[in-house]
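Next come the chains, spelled out residue by residue.
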Amino acid sequence: MSQAELTAVSAPRTPRRALWTLGILRSELTTMFRRWRTLALLGVLAAVPVLIGIAVRIETGDGSRGGPGGGGGPAFLPQITNNGLFLVFAALSATLPVFLPMAVGVIAGDSVAGEASGGTLRYLLVAPAGRTRLLLAKYASVLTFCLAATLVVAASALAVGALLFPVGEVTTISGTRIGFGEGLLRALLVAVAVAASLVGFAALGLFVSTLTDSGVAAMAATVGVLITVQILDTMPQLEGIHPYLFPHYWMSFTDLLREPVYRDEIVRNLGLQALYAAVFGSAAWARLTTKDISV
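Presented here is a report on the structure given in the accompanying data block.

Criteria and thresholds
Residues numbered from 1 in each chain as written. Predicted model: local features only at pLDDT ≥ 70, side-chain atom pairs only at ≥ 80, totals over all residues. Heavy atoms only, no water. Helix = DSSP H or I, 4+ residues; strand = E, 2+ residues; numbered from the N terminus. Buried < 20%, exposed > 50% of the residue type's maximum accessible area, 1.4 Å probe, protein only. Contact = heavy atoms within 4.5 Å. Areas by Shrake-Rupley, 256 points an atom, 1.4 Å probe, with all protein chains shown as cover. Phe/Tyr/Trp six-rings, centres within 6.5 Å; stacked < 30°, edge-to-face > 60°.

### Considering the overall build of the protein chain
Here's step 1: Along its length, the protein chain carries 12 helices and two strands.
Here's step 2: Listing the helices and strands of the protein chain from first to last along the sequence gives α-α-α-α-α-α-α-α-β-β-α-α-α-α.
Here's step 3: Looking at the 295 residues of the protein chain, the share that counts as buried comes to 41%.
Here's step 4: Taking the contacts inside the protein chain whose residues are at least 6 apart along the sequence as the reference set, 75% of them involve residues at least 24 apart.
Here's step 5: A total accessible area of about 14,400 Å² is found for the protein chain, and carbon and sulfur atoms account for 66% of it.

### Thoughts on unusual backbone geometry
Here's step 1: Geometrically, the link from E259 to P260 is a cis peptide bond, its omega value of 0° lying close to zero.
Here's step 2: By the element assignment, P260 lies in the loop between α11 (215-233) and α12 (264-290).

### Structural notes on the packing of aromatic side chains
The way to describe two aromatic rings as a pair is by their centre distance and the angle between their planes.
Here's step 1: Here the structure, examined in full by the defined rule, presents six aromatic pairs.
Here's step 2: Ring centres of Y276 and F280 lie 5.8 Å apart, and the angle between their planes is 20°; on these two criteria the pair is classed as stacked. Of this pair, Y276 and F280 both sit in helix α12, four residues apart, roughly one helical turn.
Here's step 3: The buried category is assigned to Y276, whose relative accessible area is 14%.
Here's step 4: Three or more aromatic residues joined by ring pairs form one cluster here, namely F201, F207, F246, W250, Y276 and F280.

Below is the structure:
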């Protein structure tokens, strides 16, 4: 065997495998963000801050400073008229319990099952990338959607808030005041924290997607699990299991608006999401790597 052949045989294959993974990820992201369903979900999410901002503007058009319904509604709603930046926090508070996770549930539930029902999963698994890297690419694309969806809500809220209300220094929950620049940084951190809160649920949805060949069934089951767990989280009789439910610490992002920042519940939330991601990610891997693809 020649020296060139020995070099080719002994050359590490990791870079080539990495290129395969990146190629699949790029393909997944391109396909996902070109679908009308994805664009429609992002459009609905972007419309939520617009509706909230217009509602607050109409309600306070007489010069009053309170929010609609005397301070009811999503958190931070009464502060919007004083500072439009609070529309970002109010919009994320309004979308996190329902709209954001439902959108993620649709994307995650359809990620594998949609390919199976469309007959394309078989051809994807034949590719040299393999099932594990395909699953990693699928999960990475869902996480990218989590971040993109959250940033769409935040960007829409920031634009509407700046257009309809004054902006300036931010009064934190602790009563201290911070500059507008630092307020923007806090808003970005809040958006990232909200996206990170969906990591565990995204893994759960991916696992559900490996259990069926029907994309519609997977999406419905994922959203059904979301609704069921949220109901359980509101039942005082089940208080003992609340800290182990994935949405329990979702609103911990509000602690980023304190001075100093409270980190305890934020860390608990991130740890819980990592646990769910590890458990259901492993379950999805075990299911996909042993699944018999016949169509």
